[in-house]
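# Results of the structural survey
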Amino acid sequence: MKVTDSILYAGVNDHQVDLFEGQYLVPRGMSYNSYVIVDEKIAVMDTVDAAFGQEWLGNVEAALQGRRPDYLVIQHMEPDHSGSIPLFLEKYPEAEIVATPQAFKMMNQFFTLSEEVKQTPAANGGELALGAHTLHFVYAPMVHWPEVMMTYEAGEKVLFSADGFGKFGALDVEDEWAEEARRYYIGIVGKYGPQVQNVLKKAAGLDIAMICPLHGPVLKENLGYYLGLYHTWSSYEPEEDGVAVAYASIYGHTKEAALYLAEALRQKGMKTAVYDLARDDMAAAVADAFRYSKLVLACNTYNMGINPFMNDFITRLAEHSYQKRTVALIENGSWAPVAAKTMTGMLEKCREIAFAENKVTIMSSMKAENQEQLKALASELAGE
């Protein structure tokens, strides 16, 4: 597949994976992207997961059309992108590997490479001339591993963005970019907003016509849209004014309260997304907590703490630097409700969290007074 006349796609689609990184549901599969730049000298950009190594090598060979590669550029050492390095070197032992010094350190942790392997460290701001194409290396530490670099090709104005601007989903499945890119970004990269902001500042100085990520489609049009979303996500600003309602319930009473509130919010015209944390995709719930300006946590007291699914959810929020949001609390308990206190304590490590004035406490089951409290909370969240 041609990206341009001289940049060819050599990646693969994975429909075997069920959990990406062992935790993220990927019902539409994944793509592992690799590119071949054909010039006086040839550079292969990254490899793929070892399970697809032979398929990938076939794609690389087809792109080469009888020629042999001069360079293998490794931008990121996570195994879904570096796993086929040994296979590549078996076939093309004369090729030079280009990577950051830290990537080479990791490479020798993952693999036992021959001392004869040619290793060319890429300097931050360094260049590699291929002929008509020149690669410019831009370090991107902690986006989302410390060894990561991105590569800018000046001639065709292409940014090879490593895991940046990636998304869940194989390339042979059509879906809306932002939904799966948001879930991917928040889960994989979301903790490292300041580092992403630094890379965006570097990218602002480049004339970019195309972005080639390691997951997901090549981005060729309306690049301001994608860059804008990345700026919003990495600055932790809400993407939309709306409410994410996340609940954990045992016998259905807490669920009833959460759904009652969600309906009251919808009647006031508020955009609302509701998640059952025990059954729905946790990564999607986390992504929508970042997407919207307000979050409602509804939880039963459990073992003098909170429901394990809510504990997992709040832990993930805190680990991904959740901030700049309004949070409302609904708790339930039959004799000593402490869910609200526990949830508040867990969120104290998060920055710029404002708690709603209306807190709802349910003693076992919903009563008329709880409905009135939930109506008052809906009014508060709607800004009435």
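Residues numbered from 1 in each chain as written. Predicted model: local features only at pLDDT ≥ 70, side-chain atom pairs only at ≥ 80, totals over all residues. Heavy atoms only, no water.

If you want to describe how two helices pack, look at the angle between their axes and the distance between the axes. At a minimum axis distance of 9 Å, the contact between helix H8 (residues 253-267) and helix H12 (residues 368-381) shows a crossing angle of 45 degrees. Judged by the angle between their axes, H8 and H12 are oblique. Here H8 and H12 pass one another in a crossing that is right-handed. Residues Ala 257, Tyr 260, Leu 261, Ala 264 and Leu 265 of H8 form the contact with H12, whose own contacting residues are Gln 371, Leu 374, Lys 375, Leu 377, Ala 378 and Leu 381. Of the residues in the contact of H8 with H12, the class split is 9 nonpolar, 1 polar and 1 charged. (Axes fitted to C-alpha atoms, helices over the stretch in contact; angles between N-to-C directions. Helix = DSSP H or I, 4+ residues; strand = E, 2+ residues; numbered from the N terminus. Parallel < 35°, antiparallel > 145°, perpendicular 65-115°, else oblique. Left-handed = near helix turned anticlockwise from the far one by under 90°. Contact = heavy atoms within 4.5 Å. Nonpolar A, V, L, I, M, F, W, Y, C, P; charged D, E, K, R; others polar.)

On to helix H1 (residues 53-64). Taking 1.5 Å per residue as the helical rise, H1 with its 12 residues ought to reach 16 Å, and the 16 Å between its terminal C-alpha atoms agrees with that figure. Among all positions in H1, only Gly 53, Trp 56, Leu 57, Val 60, Ala 63 and Leu 64 are buried. The buried residues of H1 occupy an angular sector of 120 degrees when the element is viewed end-on, so they sit on one face. In this structure, H1 carries Gln 54 and Ala 62 as exposed residues pointing more than 90 degrees from its buried face. Structurally, H1 contributes buried residues whose contacts are with strand S1 (7-9), strand S2 (12-14), strand S6 (35-37), strand S7 (43-45) and helix H3 (85-91). Where H1 ends, the next residue or the one after it, Gln 65, has phi of about 50 degrees, a positive value. (Expected span 1.5 Å × (residues − 1). Buried < 20%, exposed > 50% of the residue type's maximum accessible area, 1.4 Å probe, protein only. Arc of directions from axis to C-beta.)

Now for the sheet that holds strand S14 (residues 158-160). Taken together, the 5 strands give an open sheet; going across it, the order is S11-S12-S13-S14-S15, and neighbouring strands pair in mixed fashion. Edge positions in the open sheet fall to strand S11 (127-129) and strand S15 (210-212), since each of these has one partner strand only. Ignoring which end each strand starts from, the neighbouring axes of this sheet average 20 degrees apart. (Pairing = 2+ DSSP bridges.)

Under the definition given, this model contains 19 aromatic pairs. Considering the side-chain rings of Trp 177 and Trp 233, the 6.3 Å spacing of their centres and the 15 degrees angle between planes classify their relative orientation as stacked. Here Trp 177 is found in helix H5 (residues 177-189), whereas its partner Trp 233 is found in helix H7 (residues 223-234), with 56 residues between them in sequence. Ring pairs connect the aromatic residues Phe 165, Trp 177, Tyr 185, Tyr 225, Tyr 226, Tyr 230 and Trp 233, which therefore count as one cluster. (Phe/Tyr/Trp six-rings, centres within 6.5 Å; stacked < 30°, edge-to-face > 60°.)

What the rule picks out here adds up to 22 salt bridges. Residues Asp 175 and Arg 28 are paired through a salt bridge, measuring 3.7 Å at the closest nitrogen-oxygen approach. One end of the pair, Asp 175, is in the loop between S14 and H5; the other, Arg 28, is in the loop between strand S4 (24-25) and strand S5 (30-32), with 147 residues separating them in the sequence. Residues Asp 276 and Arg 279 are paired through a salt bridge, measuring 2.9 Å at the closest nitrogen-oxygen approach. Assessed through its relative accessible area of 8%, Asp 276 is described here as buried. Owing to a relative accessible area of 68%, Arg 279 belongs among the exposed residues under this scheme. Through salt bridges with shared partners, one network takes in Glu 179, Arg 182, Glu 239, Glu 240, Lys 271, Asp 288 and Arg 291. (Salt bridge = Lys/Arg side-chain N within 4 Å of Asp/Glu carboxyl O.)

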